[in-house]
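Okay, here's what each chain looks like letter by letter:
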Amino acid sequence: MGRGRAPAILLGGGFLSHLRGHFPSGAEERGKSLSVYPSGGFSRCNFPGYLWGENEFAPCSQAALLLSFLWMPALLPVASRLLLLPRSLMIMASGSTPSQPSPASGSGYVPGSVSAAFVTCPNEKVAKEIARAVVEKRLAACVNLIPQITSIYEWKGKIEEDSEVLMMIKTQSSLVPALTDFVRSVHPYEVAEVIALPVEQGNSPYLHWVRQVTESVSDSSTVLP
């Protein structure tokens with residue numbers, strides 16, 4: 001830019017019509033377009049948008065370059081989505097679902113293959129008996145007993161409050177149905193609480209140990225009570 005020139009301002013062709021008589025020498029209005037002869041020796045420009053400086057108009061190519069820089073940040077997210085569009089259309093056409101993430105390198109653990117099951121018991125004696133039985137039968141690798149929990153619940157139209165023991169049972173997810181059947185067969189409650197949540201991630205050696213301890217039972221089609 002020339003020395004001492006003011007910063008350029010982008011002006012539209014419609015707005016330029018209001019500036020008649022204020023253009024520098026060499027500029028004249030012709031209809032809706034404008035022929036410009038900047039003092040710097042630039043070529044004629046007949047487009048409706050110009051960069052207005054202190055004493056002259058800059059070439060239209062500079063205006064286009066400025067606009068491209070202004071629009072570039074807004075267009076980048078759109079461009080990234082367009083790049084992913086062909087793959088999405090292929091998936092939709094084939095009817096297949098996107099592949100799930102593979103196990104982390106070196107861990108070998110499949111998310112959700114181990115579960116933590118929770119069972120409430122009326123006292124510690126019952127909880128210990130059930131815990132020892134499920135471990136002996138390899139329906140679980142480990143059982144933690146959490147004593148003195150307070151349970152508030154609705155039962156047969158009344159609000160009850162009891163002190164219970166919570167069992168946290170670690171087992172293979174494929175063994176949860178067999179574990180549930182066994183707990184129901186030995187539990188003193190009319191409706192035993194057995195709920196299981198899949199383990200998505202954790203200490204890989206521990207999760208592999210849970211699977212190893214219960215592997216022989218998971219390979220068997222039936223589990224004897």
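Residues numbered from 1 in each chain as written. Predicted model: local features only at pLDDT ≥ 70, side-chain atom pairs only at ≥ 80, totals over all residues. Heavy atoms only, no water.

## Structural notes on the confidence of the model for the chain
For any part of a model where pLDDT is low, the fine detail of the predicted coordinates should not be relied upon.
Okay, step 1: Residues with a pLDDT of 70 or more make up 48% of the chain, whose mean pLDDT is 73.
Okay, step 2: Note that pLDDT drops below 50 for residues 1–58; the model gives that stretch 83 contacts with residues more than four away or on any other chain.
Okay, step 3: Predicted confidence for residues 221–225 stays below pLDDT 50, and this span has six contacts to residues more than four positions away or in other chains. (pLDDT = per-residue confidence, 0-100. Contact = heavy atoms within 4.5 Å.)

## A short note on the sheet that holds strand β7 (residues 142–155)
Okay, step 1: Ordered by their spatial adjacency, four strands build an open sheet running β7-β8-β6-β9, and the pairing between neighbours is antiparallel. In this open sheet, the two strands that pair with only one neighbour each are β7 and β9 (194–199). Taken over all neighbouring pairs, the strand axes of this sheet differ in orientation by 30° on average, direction set aside.
Okay, step 2: Note: strand β6 (residues 114–121) against strand β8 (residues 158–172), eight bridges, orientation antiparallel. Paired with Val119 across the bridge in β8 is Met167. (Pairing = 2+ DSSP bridges. Helix = DSSP H or I, 4+ residues; strand = E, 2+ residues; numbered from the N terminus. Axes fitted to C-alpha atoms, helices over the stretch in contact; angles between N-to-C directions.)

## Remarks on the pattern of salt bridges
Okay, step 1: Tallied over the entire structure, the rule returns three salt bridges.
Okay, step 2: Linking Lys128 and Glu124 is a salt bridge whose minimum nitrogen-to-oxygen distance equals 3.4 Å. Remark: Glu124 and Lys128 occur in helix α3 (residues 124–136); sequence separation between them is four residues, near one turn of the helix.
Okay, step 3: Given a relative accessible area of 47%, Lys128 falls into the partly exposed group.
Okay, step 4: Salt-bridge contacts for Lys156 lead to Glu190; the nearest nitrogen and oxygen are separated by 3.6 Å. Separated by 34 residues along the polypeptide, Lys156 in the loop between β7 and β8 and Glu190 in the loop between α4 (176–186) and β9 bring together distant segments of the chain. This pair shows no difference in class: Lys156 is exposed, exactly as Glu190 is. (Salt bridge = Lys/Arg side-chain N within 4 Å of Asp/Glu carboxyl O. Buried < 20%, exposed > 50% of the residue type's maximum accessible area, 1.4 Å probe, protein only.)

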